[in-house]
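An overview of the molecular structure
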Amino acid sequence: MNTISPLAYVHTEAQIGDNNTIGPFCYIDRNTVIGDNNVLQNSVTINYGARIGNNNEFFAGASISAKPQDLKFHGEDTICEIGDFNSFRENVNISRGTASKGSTKIGNHCLLMEDAHVAHDCVLGNNLIIGNSTKFAGEVIVDDNAIISATVLVHQFCRVGGYVMIQGGTRFSMDAPPFVIIGKEPARYCGLNLVGLRRRGFSPETINQIHEAYRLLYSKGVLTEAIAAIREQLPATKEIDYIVSFAENSRRGIIR
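Since the structure is predicted, the reported quantities are computational estimates derived from the model, not experimental observations. (Residues numbered from 1 in each chain as written. Predicted model: local features only at pLDDT ≥ 70, side-chain atom pairs only at ≥ 80, totals over all residues. Heavy atoms only, no water.)

1. A look at a positive patch on the surface
Together, Lys101, Lys105, Arg251 and Arg252 make up a positively charged patch on the protein surface. In this structure, Arg251 sits in the segment after helix 4 (238–248). Here Arg251 falls in the exposed class, since its relative accessible area comes to 66%. (Patch = residues over 30% accessible without salt bridge, like charges linked within 9 Å, V, L, I, M, F, W, Y side chains within 5 Å. Areas by Shrake-Rupley, 256 points an atom, 1.4 Å probe, with all protein chains shown as cover. Salt bridge = Lys/Arg side-chain N within 4 Å of Asp/Glu carboxyl O. Lys, Arg positive; Asp, Glu negative; His and termini not counted. Charge placed at Lys NZ, Arg CZ, Asp CG, Glu CD. Helix = DSSP H or I, 4+ residues; strand = E, 2+ residues; numbered from the N terminus. Buried < 20%, exposed > 50% of the residue type's maximum accessible area, 1.4 Å probe, protein only.)

Below is the structure:
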């Protein structure tokens, strides 16, 4: 059974599961789907095209599946997909997709802190922490287990690798490779995310291999030479393969 405040508006075409709490002054538009066990505190807006999973919590002022802030958007029928067990703090804004990809996606077990913005067609993975007032432009990809601190600005089409730590106030327009710390101005490589890797259970041997991969990656002036050296000198573990694949497929070049 759902608990819906009499001061909330729920469109008759909205599809709502079971055991949800919808607080006062919430607005739920048509063409929306909400799963089970979600909590919408007061003044949450669930816009057209939202597809929300289970066990999420939305705090006051959150706006999900908002119309994209993109002049190329002309009212296409797009969506915003939200997974399970996420927390969206006050005034978080997430846009739905455009004709480019058709959807914006948020995975599972993510924390988006106050005033964060996720633009159209972004794809955010699982187990992410996104700090206060951090902004993602359109079509950004963030891999699993990344931590992005407060007031970070991410250019459109960038990719952020898994297990990274992006320092507060950083802004960048290139790809942030996995397992590292990115910070300073201009943004650059600041070493491995040692604390994060140890907390996630990476062995000392694996961490040493990752460190050696980045030593090789950044010691060569030509990326193809660096990748060849990594393949020649290091074992083909999943972590090494991830670093190599990330560098090879980077659309914007990796931060160095």
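2. Structural notes on the pattern of salt bridges
Counting across every chain of the model gives seven salt bridges. The partner of Arg159 in a salt bridge is Asp143, with the nearest N and O atoms 2.8 Å apart. Of this pair, Arg159 sits in strand 24 (residues 159–160) while Asp143 sits in the loop between strand 21 (141–142) and strand 22 (147–148); the two residues are 16 residues apart in sequence, bridging distant segments of the chain. Given the relative accessible area of 14%, Asp143 is considered buried. Its salt-bridge partner being Arg231, residue Glu248 comes within 3.0 Å of it at the nearest N-O pair. Of this pair, Glu248 sits in helix 4 while Arg231 is found in helix 3 (residues 223–233), placing the two residues 17 residues apart along the sequence.

3. What to know about the packing of helix 2 (residues 204–219) against helix 4
Two elements in contact, helix 2 and helix 4, have axes whose closest approach is 9 Å; the angle formed by their N-to-C orientations is 25°. Relative to helix 4, helix 2 is oriented roughly parallel. Seen along the crossing, helix 2 lies across helix 4 with a hand that is right-handed. Where helix 2 abuts helix 4, its residues Thr206, Gln209, Ile210, Ala213, Tyr214 and Leu217 lie against Glu239, Ile240, Ile243 and Ala247. When grouped by side-chain class, the residues that make up the contact of helix 2 with helix 4 number seven nonpolar, two polar and one charged. (Axes fitted to C-alpha atoms, helices over the stretch in contact; angles between N-to-C directions. Parallel < 35°, antiparallel > 145°, perpendicular 65-115°, else oblique. Left-handed = near helix turned anticlockwise from the far one by under 90°. Contact = heavy atoms within 4.5 Å. Nonpolar A, V, L, I, M, F, W, Y, C, P; charged D, E, K, R; others polar.)

4. Focus: helix 2
For helix 2, spanning 16 residues, the distance from its first C-alpha to its last is 22 Å, which sits close to the expected 22 Å at 1.5 Å a residue. Along helix 2, the residues that are buried comprise Thr206, Ile207, Gln209, Ile210, Ala213, Tyr214, Leu216, Leu217 and Tyr218. In this fold, the buried residues of helix 2 make contact with strand 27 (180–183), strand 28 (188–192), helix 1 (194–199), helix 3 and helix 4. (Expected span 1.5 Å × (residues − 1).)

5. A closer look at the packing of helix 2 against helix 3
In contact at an axis separation of 8 Å, helix 2 and helix 3 are set at 150° when each is read in the N-to-C sense. Comparing their axes, helix 3 and helix 2 come out roughly antiparallel. As helix 2 packs across helix 3, the resulting crossing turns out to be right-handed. Side by side, helix 2 and helix 3 meet where Ala213, Arg215, Leu216 and Leu217 of the first sit next to Leu223, Ala226, Ala229, Ile230 and Gln233 of the second. By residue class, the composition of the contact of helix 2 with helix 3 is seven nonpolar, one polar and one charged.

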